[in-house]
Amino acid sequence: MPHRKPKNESGQRLVVLGGARRRATGAVWLVGAGPGDPELLTLKALKALQSAEVVVHDGLVTGEILDLAPASARRISVAKRKSRHSYAQDEINRMLVAFAQEGLNVVRLKGGDPFIFGRGGEELEACREAGVECHVVPGVTAALAASANAGAPLTHRGSAQAVTFVTGHAAAGAEPDLDWESLAKANQTVVIYMGVSTAAGIAARLIGAGRAGSTPALVIENASRADERRIVTTLAELPAAAEQVAGPALLIVGEAMALAQASGDTAVFEPKLELRVK
């Protein structure tokens, strides 16, 4: 059945396929692609990707992972960058529903995990409201890969009895509404997603709420990828460290980060596995 290839242009925002339906309704799979290393993709995610007819993917999903989809699968980038979105979230929601209603198997491929600051909940709600079958495949979120590669556990019996994931950005660029006094308590790990540009404000808030400026901190750029970079620092020096990174990065604050190793401190043997699961 011939289909027109969707264009990512302002004049044609929602992709609708023409022609007769092949089956009553397709399905949407919200798939976590992990932090970037294709070997951190789950087997369930790989199987979903290999059966995809349409792949709607984030800009942070690596080419190596996209190449695991069938060559015949239509690929659509809905990349989001700060202040620059190729599609609004409502348009993405409608796109997923429209493809599924055409009888197609749709994979919404998202960096990390769909439900960790990935707007997967909004896409799930849109599918449910439209009566479209929707499945969720969890992925390795960036914080897990970042702490593992750095050798700094997010929880530790002696120095981190809790871990909290927060966002450094709120809607319309506002400061996130967080419980700073709670986050400032010692012996816990705070992971800040999307906090590079707001690192100065975050550090000031935590210190002002009572967290020691000497608390160990870690900045991780491109976690799990070949160009991963780690900067070991302190809460007081976190803003200066964040200024040194340009790509997607995480900020992690907590006593357990004293165990972190900066980039190049260790050489780790990593056996390569060939992904052939069908």
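Residues numbered from 1 in each chain as written. Predicted model: local features only at pLDDT ≥ 70, side-chain atom pairs only at ≥ 80, totals over all residues. Heavy atoms only, no water.

Undergrad: How should I be thinking about the sheet that holds strand E12 (residues 249–253) in this particular structure?
TA: The strands that make up a sheet pair up through hydrogen bonds in the backbone, lying either parallel or antiparallel. Taking strand neighbours across the sheet as the criterion, the five strands line up as E8-E9-E12-E10-E11 in an open arrangement whose pairing is mixed. The two strands at the open ends of the sheet, each matched to only one other strand, are strand E8 (163–167) and strand E11 (229–234). In this sheet, neighbouring strand axes are inclined to one another by 20° on average, regardless of whether the strands run parallel or antiparallel. As paired strands, strand E10 (residues 216–221) and E12 are joined by five bridges and run antiparallel to one another. By the bridge assignment for E12, Val 219 is matched with Leu 251. (Pairing = 2+ DSSP bridges. Helix = DSSP H or I, 4+ residues; strand = E, 2+ residues; numbered from the N terminus. Axes fitted to C-alpha atoms, helices over the stretch in contact; angles between N-to-C directions.)

Undergrad: What am I meant to see in the sheet that holds strand E2 (residues 54–57) here?
TA: Taken together, the five strands give an open sheet; going across it, the order is E3-E2-E6-E1-E7, and neighbouring strands pair in parallel fashion. For this open sheet the edge positions go to strand E3 (74–77) and strand E7 (133–137), each flanked by a neighbour on one side alone. Each adjacent strand pair in this sheet contributes to an overall mean axis angle of 20°, direction not counted. Relative to E7, strand E1 (residues 27–32) is paired through five bridges, and the arrangement is parallel. By the bridge assignment for E7, Leu 30 is matched with Val 136. Along the sheet, helix H1 (residues 43–50) makes contact with E1, E2, strand E6 (105–110) and E7, crossing E1 at roughly 140°. Sitting on the sheet, helix H4 (residues 120–130) is in contact with E1, E6 and E7, with an inclination near 170° to E1. (Contact = heavy atoms within 4.5 Å.)

Undergrad: Quick question: what am I supposed to make of unusual backbone geometry here?
TA: Note: most residues except glycine have negative phi, and most peptide bonds are trans. We note that Asn 187 has phi near 60°; this positive angle belongs to a residue other than glycine. With respect to the secondary-structure elements, Asn 187 resides in the loop between helix H6 (180–183) and strand E9 (189–193). One non-glycine residue, Met 194, adopts positive backbone phi at about 55°. Following the sequence through the fold, Met 194 ends up in the loop between E9 and helix H7 (199–208). The class of Met 194 is partly exposed, set by a relative accessible area of 43%. (Buried < 20%, exposed > 50% of the residue type's maximum accessible area, 1.4 Å probe, protein only.)

Undergrad: Looking at this model, I keep getting lost on the pairing of E1. Mind explaining?
TA: Two faces make up the sheet, and in a regular strand the side chains alternate between them. In terms of burial, E1 is a largely internal element, five of the six residues being buried. Pairing of E1 with E6 involves six bridges; the strand directions are parallel. The residue of E6 that forms the bridge with Leu 30 is Arg 108.

Undergrad: What is the right way to look at H7 in this model?
TA: Working note: α-helix, 3.6 residues per turn, so residues spaced by three or four point in the same direction. Those residues of H7 that fall on the buried side of the exposure criterion are Ala 199, Ile 202, Ala 203 and Leu 206. Buried residues in H7, looked at end-on, bunch into an arc of 95°, giving them a common side. In H7, the exposed residues that point more than 90 degrees away from the buried face are Ala 204 and Gly 208. Count one or two residues on from H7 and you reach Gly 210, which has phi positive near 120°. (Arc of directions from axis to C-beta.)

Undergrad: Sorry if this is basic, but what is going on with the pattern of salt bridges here?
TA: Any two side chains of opposite charge can pair, on the condition that their charged atoms come close. The final tally for this structure, using the stated rule, is six salt bridges. A salt bridge links Arg 108 to Asp 58; the nearest nitrogen and oxygen atoms lie 2.8 Å apart. Taken together, the positions of Arg 108 in strand E6 and Asp 58 in the loop between E2 and helix H2 (63–66) put the pair 50 residues apart, joining distant regions of the chain. Of the two residues, Arg 108 and Asp 58, neither departs from the other in class, the shared state being buried. (Salt bridge = Lys/Arg side-chain N within 4 Å of Asp/Glu carboxyl O.)

Undergrad: Can you walk me through the side chain of Thr 141 in this structure?
TA: For Thr 141, the location among the structural elements is in the loop between E7 and helix H5 (142–150). By relative accessible area, which is 6% here, Thr 141 ends up buried. Setting aside anything within four residues of it in sequence, one finds Thr 141 in contact with Gly 112, Asp 113, Ile 116, Phe 165 and Tyr 193.

Undergrad: How should the state of the cysteines be read in this particular structure?
TA: Think of a disulfide as a covalent bridge from one cysteine sulfur atom to another cysteine sulfur atom. Tallying each qualifying case throughout the model produces zero disulfides. Free of any disulfide, Cys 134 has its nearest neighbouring cysteine sulfur in Cys 127, separated by 4.1 Å. (Disulfide = S-S within 2.5 Å.)

Undergrad: Explanation requested: the environment of Arg 119 in the structure shown.
TA: The topology assignment puts Arg 119 in the loop between E6 and H4. A relative accessible area of 38% means that Arg 119 is categorised as partly exposed. Considering only alpha carbons, one finds Arg 119 and Gln 89, 30 residues apart in sequence, at a separation of 8.4 Å. Setting aside chain neighbours within four positions, we find Arg 119 in contact with Lys 80, Gln 89, Lys 110 and Pro 114.

Taken by themselves, the reported measurements are silent on function.
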